[in-house]
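Topology and contacts: notes
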Amino acid sequence: MSTHHVPKISQAELRVEIKKEYANVALDPTKGYHFHTGRRLAGILGYDEALYAGVPEANIASFAGTGNPFALGPINPGETVVDIGSGAGFDSLIASRLVGPAGRVIGFDMTDEMLKKARAGAAAMGAANVEFREGLAEALPLPDDFADVVISNGVLNMMLDKAATLAEWRRILKPGGRLQVGDILVEREVPADALDDISLWTG
Amino acid sequence: MRAAGFEDGQIVYRYNSYVDVPDPSDALEFGTQGISFRARKPV
């Protein structure tokens, strides 16, 4: 969503609603949401099934991204990848296989239920090169110039200050580092009353 | 993207990913689409 209207909601309020919504997606992925989930969504977004072969079904089921970071360029062995808003870990677990044992993946999420599910998935896969940490997209506890690649999928659209969030993602990338992101866009102007409707930001 | 200090920003893919969703949102009336985009931090 982009407009000159400043929404009458705060990121803190939005954070509470996002946590509620995505805790549900972690616990009950087939309940029925404003978006598709799981294998059907992965198919719509063009994920090659070979990419996520071996990812536990529970982690696939709670996938709720909006694009496909892996369609945007290679993730190479040995690279360091940061996944911002890693959810149930679907993309992080894929990335962990691509970077291999010499690489490293760190997924950040703020929803406890998602973090728990992602960690369980990594343990089930025996993936020692991926970790899931609690963190916020706009304030990542990482040093400057840390990552070769930043991936994210369906997070930026839920940030009120997108420029500041992107600047934070830029900060943690190494010079020459790649940003590979799934997100949403809207084709028509969003009226002010809709921008103030918190339910339209979370689904 | 440029304002945040990135270069080579590009939307590469668009998806009609909200067709037939179980619980359609009012946001769909604004033409919501999924996208994949990339950019690079300057060297």
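Since we're looking at a predicted model, the values are computed, not measured. (Residues numbered from 1 in each chain as written. Chains lettered and ligands numbered in written order. Predicted model: local features only at pLDDT ≥ 70, side-chain atom pairs only at ≥ 80, totals over all residues. Heavy atoms only, no water.)

**Structural notes on the sheet that holds strand β3 (residues 130-134) of chain A**
The condition is simple: Here, any two strands with at least 2 DSSP bridges between them count as paired. Counting from the N terminus, the helices are DSSP H or I runs at least four residues long and the strands are E runs at least two residues long. Inter-axis angles, ranging from 0 to 180 degrees, are taken between N-to-C directions of lines fitted to C-alpha atoms, where helices are fitted over the stretch in contact.
The sheet built from seven strands is open, its strands ordered β3(A)-β2(A)-β1(A)-β4(A)-β5(A)-β2(B)-β1(B) with mixed pairing. Two strands close off the open sheet at either side, each with one partner strand: β3 of chain A together with β1 (7-15) of chain B. Each adjacent strand pair in this sheet contributes to an overall mean axis angle of 20°, direction not counted. The sheet contact formed by strand β1 (residues 80-84) of chain A and strand β2 (residues 104-109) of chain A spans five bridges and is parallel.

**A closer look at the pairing of β2(A)**
Two faces belong to every sheet, and in a regular strand the side chains alternate between them. Residue and element names in this part refer to chain A. We apply this condition: Only protein chains enter the accessibility calculation, which uses a 1.4 Å probe. A residue is then buried if its area is under 20% of the maximum for its type, exposed if over 50%, and partly exposed in between. With its strands directed away from the observer, a crossover is right-handed exactly when the path from the first strand over the helix to the second travels clockwise.
With respect to burial, β2 is a largely interior element, five of its six residues being buried. Between the parallel elements β1 and β2, the chain passes through helix α4 (residues 90-99) in a crossover that is right-handed. Both β2 and β3 contribute to a ladder of five bridges, which runs parallel. Bridge pairing in β3 links F108 to R133. One crossover worth recording links β2 to the parallel β3 by way of helix α5 (residues 112-125), and it is right-handed.

**Looking at helix α1 (residues 11-27) of chain A**
All names here are of chain A. What counts here: What a helix is expected to span follows from its residue count: subtract one and scale by 1.5 Å. Residue contacts are counted whenever heavy atoms from the two residues lie within 4.5 Å of one another.
When the terminal C-alpha atoms of α1 are compared, their 24 Å separation across 17 residues agrees well with the 24 Å that a helix rising 1.5 Å per residue should span. Every buried residue belonging to α1 is among Q11, L14, I18, E21, Y22, A23, V25 and A26, and all of these are buried. Next to the buried residues of α1 lie α5 and α8 (199-202).

**Overview of the packing of α1(A) against α5(A)**
Residue and element names in this part refer to chain A. This is how it is decided: Asp, Glu, Lys and Arg are counted as charged, while Ala, Val, Leu, Ile, Met, Phe, Trp, Tyr, Cys and Pro are counted as nonpolar; the rest, among them Gly, fall into the polar class.
Where α1 contacts α5, the axes come no closer than 7 Å and their chain directions differ by 35°. Note on element contacts: α5 touches α1 through E113, M114 and K117, opposite Y22, A23, V25, A26 and L27. Across the contact of α1 with α5, the residue classes break down as six nonpolar, no polar and two charged.

**With respect to the nonpolar core**
Residue and element names in this part refer to chain A. Here is the rule we go by: Side-chain atoms within 4.5 Å link the members of a nonpolar core, which is a set of buried Ala, Val, Leu, Ile, Met, Phe, Trp, Tyr and Cys residues.
Ranked by internal contacts, the top residues of the largest apolar core, which has 26 residues, are Y47, Y52, V81 and F90. Looking at this core, the elements with two or more residues in it are α2 (38-44), α4, α5, β3 and β4 (147-153). At five residues, the largest contribution of residues to this core is made by α4. Excluding its chain neighbours within four sequence positions, the residues that come into contact with Y52 are R39, A42, Y47, I60, F90, I94 and R97. The next biggest cluster of nonpolar side chains, apart from the first, holds 25 residues, and it includes F146, L166, L173 and L179.

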